[in-house]
Amino acid sequence: MVLTAKFMSNETNIELQTLCKTIGEHLAILHKGDTVSALWPFIITELEFYAGEEFIKKLFYAITELKNKGHSIEEIAQLFSNPSKIAQYFCLFHSAKCLKLDERKQLALDLIDCIHYYRKDPFCTNKSNVLNEKIVNKAILNAQLSVNSNEISTANKISALTLMYLEIVYPTIMRLGHEFHGPYKQENNFITIKEFYDLKSEFMPLSKEFPFKNIIIVEKTEEPTQLDFFNHLIYMPKRSASAIFIDSKQATQKEAEEALQKIEWALTLISSMHANCTKKEWLKSASNNLFYSIKKLSDKLNCDWKPAHSLMDKIENQEFNINLDKIIKFQNTHSQQELQNITTESFLSIFRD
Amino acid sequence: MPNMNNQITLKGIGVSKGIAIGPIKVVTEISEVNKVKTGDIVVTNNNSPLYSRAFLKAAAIISERGGMLCHLAIVAREFDKPCILDVKNATKLLKNTMTVEVNGSNGEIYVK
């Protein structure tokens, strides 16, 4: 979407309003009651405090330059690989205030268009993350599923443990490692596909211990699953059948059980290694992972994707000075509806002078 | 349906459906993760993924922290295990000597 004269004024267009309302609604639910990572609607994480502005500038530059060189939004969207990763960039959008107002609006609208390339409904307003037909792998969607309860249980455990692993490797930016999509109607049932990818992060030494590069779990349910804009699995009905693909190959039950044991063992090892990781090391890895997520855009422009050395120096030397106690008190004294309104308004202010 | 003779001890946000009955295992330190046995009801004040092995063995999970969309809630739904979050003072009020019934649908915990 190209900004028209109307959007370049102080008005906020309907897509941006929907975006801010969606973010407000989901983040209010997410952060109410979760008192450690909850910094919303202020700086969402320490990662944004350090890396937010530089990342947003790089993202804006990359998309703008690619468009200037004649690349379509579809071509640019494909460089991101999955829509929830793009949605997650909006969590860093308070840092977009380093851009001019029109630039902020343009970047947000371009990102929404990129999400739309993948999703039928970019904002998941119907609590579903149904991808466009051209995106969905038909062989996976129509895979042979097992109704054996042991196999379903093994798949559940692998999915849960892999999610926990991602929380360690991609803290606060987990959508860099998974996309849950669906539900896809199939006769009287629904299919949900849970894709875990980039499980071996180049910048997190711990991930060398993880045994697989990618895992896909396909699940059949009688009721539809529910997913939100940020790819949170809101509702997971009882599974009636499932299949599991490990490193692009459908696994037998024996292979799945072996994989579960390997993942459990790796997670134990990674957990103990992670406990010895300093916060600065963690932030440097997270920053590298964040910038690495737009490597394909930078490569297309023959640019270096890496963050500047100054960012690593900033992490090394600068203190994160947010008053967490004050924020927790603020959250505890406001209702979910109030937090939702405050968050929505906070985001809308990004798109006003 | 819960046994109405049981006392409702605590209440939180039920984030993953199901009912489980088992002995309480309070886990507030990483060193306590190894003490969790299959079928325990894990009670914690820390939703860290470093506790994943405890959650894997647990029959149900109770935590003092978290909400409907927090990571542990999503993981519990993946495990298909009952989970109740935002239970105030759970690690102090629930003891390792107790057996409880956890109802992940309504967020209620009953001491047996």
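Let's shift gears to the overall build of chain A. When helices and strands are tallied, chain A shows 14 helices and seven strands. Computed over the C-alpha atoms, the radius of gyration of chain A is 20 Å, within 12% of the 20 Å expected from 2.2 N^0.38 for a compact globule of 353 residues. Counting only C-alpha atoms, chain A reaches 60 × 50 × 45 Å along its principal axes. Taken over 353 residues, chain A has a buried fraction of 57%. A fraction of 73% describes how many contacts in chain A between residues 6 or more apart in sequence connect residues 24 or more apart. Of the roughly 15,300 Å² that chain A leaves accessible, carbon and sulfur atoms contribute 51%. On chain A, the mean spot of the 41 positive side-chain charges and the mean spot of the 44 negative ones are 1 Å from each other.

This part is about the overall build of chain B. Scanning chain B from N- to C-terminus turns up three helices and eight strands. Tracing chain B from N to C terminus, the helices and strands come up as β-β-β-β-α-β-α-β-α-β-β. For a compact globule of 112 residues, the expected C-alpha radius of gyration is about 13 Å, and chain B comes in at 12 Å, within 12% of that figure. C-alpha extents for chain B along the principal axes are approximately 35 × 30 × 25 Å. For chain B, with 112 residues in total, the buried portion stands at 61%. Counting only contacts in chain B whose residues sit at least 6 apart along the sequence, the fraction spanning at least 24 positions is 51%. Of the accessible surface of chain B, which amounts to about 4,500 Å², a share of 53% is contributed by carbon and sulfur atoms. Averaging the positions of the 14 positive and the 9 negative side-chain charges in chain B gives two centres separated by 3 Å.

Residue placement: Phe49 of chain A occurs in helix H3 (residues 46-68). When the C-alpha positions of Phe49 of chain A and Ala275 of chain A are compared, they lie 23 Å apart, and in sequence the two are 226 residues distant.

Another point: the layout of surface pockets. Residue and element names in this part refer to chain A. Roughly 340 Å³ of volume is contained in the second largest pocket. Lys85, Asp198, Tyr292, Ser293 and Lys296 are, among the 16 residues lining the second largest pocket, the residues nearest its centre. If you list the elements that add at least two residues to the lining of the second largest pocket, you get helix H10 (279-292) and helix H11 (295-300). Ranked by residue count, the leading element in the lining of the second largest pocket is H11, at three residues. Considering only residue class, the lining of the second largest pocket consists of five nonpolar, four polar and seven charged.

Let us look at helix H6 (residues 101-118) of chain A. Here H6 of chain A spans 27 Å end to end across 18 residues, near enough to the 26 Å set by a 1.5 Å rise per residue. Within H6 of chain A, 15 of the 18 residues are buried, leaving the element largely enclosed by the surrounding structure.

The next thing to look at is the interface of chain A and chain B. With 32 residues of chain A at the contact, the number on the chain B side is 21 residues. The contact between chain A and chain B buries some 2,500 Å² in all, and 64% of this surface belongs to carbon and sulfur atoms. Notably, a salt bridge pairs Arg239 of chain A with Glu78 of chain B, separated by 3.3 Å at the nearest N-O pair. Our count for the contact surface shared by chain A and chain B stands at nine residue pairs in polar contact (both at pLDDT 80 or more). Mapped by element, the contributors of at least two residues to the side of chain A that touches chain B are helix H2 (14-31), helix H8 (149-169), strand E5 (233-235) and helix H9 (253-275) of chain A. Here the element with the most residues in the side of chain A that touches chain B is H8 of chain A; it accounts for nine residues. By residue class, the composition of the side of chain A that touches chain B is 14 nonpolar, nine polar and nine charged.

Moving on, we get to the confidence of the model for chain A. For chain A, the average pLDDT comes to 87, and 91% of its residues sit at 70 or higher. In the predicted structure, residues 3-9 of chain A sits below a pLDDT of 50 and forms twelve contacts with residues beyond four places in sequence or in another chain.

What follows is about the environment of Ala20 of chain B. Residue and element names in this part refer to chain B. Take Ala20: it is sitting in strand E3 (residues 19-27). Counting along the chain gives 41 residues from Ala20 to Ile61, while the straight-line C-alpha distance between them is 9.6 Å. Excluding residues that lie within four positions of it along the chain, Ala20 makes contacts with Ile41, Ala59, Ala60, Pro82, Val100, Glu101 and Val102.

Residue and element names in this part refer to chain A. Where H10 contacts helix H12 (residues 309-317), the two axes come as close as 9 Å, and the packing angle between them is 155 degrees. Between H10 and H12, the interaxial angle falls into the category roughly antiparallel. Crossing of H10 over H12 shows right-handed handedness. Packed against H10, whose contacting residues are Lys280, Leu283, Lys284, Ser287, Asn288 and Phe291, the element H12 presents Leu311, Met312, Ile315 and Glu316 at the interface. A breakdown of the residues in the contact of H10 with H12 according to their chemical character gives five nonpolar, two polar and three charged.

For any pair of aromatic rings, geometry is given as the distance between the ring centres together with the angle between the planes. A complete count under the given rule lists 14 aromatic pairs over all chains for this structure. An aromatic cluster of three or more residues is present, and its members are Phe90, Phe93, Phe123, Phe229, Phe230 and Phe351 of chain A. Sitting above the plane of the Phe180 of chain A ring, Lys194 of chain A keeps its charged end 5.6 Å from the centroid. Across the ring face of Phe79 of chain B, the terminal group of Lys81 of chain B is positioned such that the distance to the ring centre comes to 4.7 Å.

About the thresholds
Residues numbered from 1 in each chain as written. Chains lettered and ligands numbered in written order. Predicted model: local features only at pLDDT ≥ 70, side-chain atom pairs only at ≥ 80, totals over all residues. Heavy atoms only, no water. Helix = DSSP H or I, 4+ residues; strand = E, 2+ residues; numbered from the N terminus. Rg over C-alpha atoms; globule rule 2.2 N^0.38 Å. Buried < 20%, exposed > 50% of the residue type's maximum accessible area, 1.4 Å probe, protein only. Contact = heavy atoms within 4.5 Å. Areas by Shrake-Rupley, 256 points an atom, 1.4 Å probe, with all protein chains shown as cover. Lys, Arg positive; Asp, Glu negative; His and termini not counted. Charge placed at Lys NZ, Arg CZ, Asp CG, Glu CD. 1 Å grid on protein atoms, 1.4 Å probe; cavity = no way out; pocket = protein on both sides within 12 Å on 5 of 7 lines; lining within 4 Å. Points joined across faces, edges and corners; volume = space filled by probe spheres on them. Nonpolar A, V, L, I, M, F, W, Y, C, P; charged D, E, K, R; others polar. Expected span 1.5 Å × (residues − 1). Buried area = accessible area lost by both parts, 1.4 Å probe. Salt bridge = Lys/Arg side-chain N within 4 Å of Asp/Glu carboxyl O. Polar contact = N/O pair within 3.5 Å; in protein donor to acceptor, adjacent residues only side chain to side chain. pLDDT = per-residue confidence, 0-100. Axes fitted to C-alpha atoms, helices over the stretch in contact; angles between N-to-C directions. Parallel < 35°, antiparallel > 145°, perpendicular 65-115°, else oblique. Left-handed = near helix turned anticlockwise from the far one by under 90°. Phe/Tyr/Trp six-rings, centres within 6.5 Å; stacked < 30°, edge-to-face > 60°. Lys NZ or Arg CZ within 6 Å of the ring centre and 35° of its normal.

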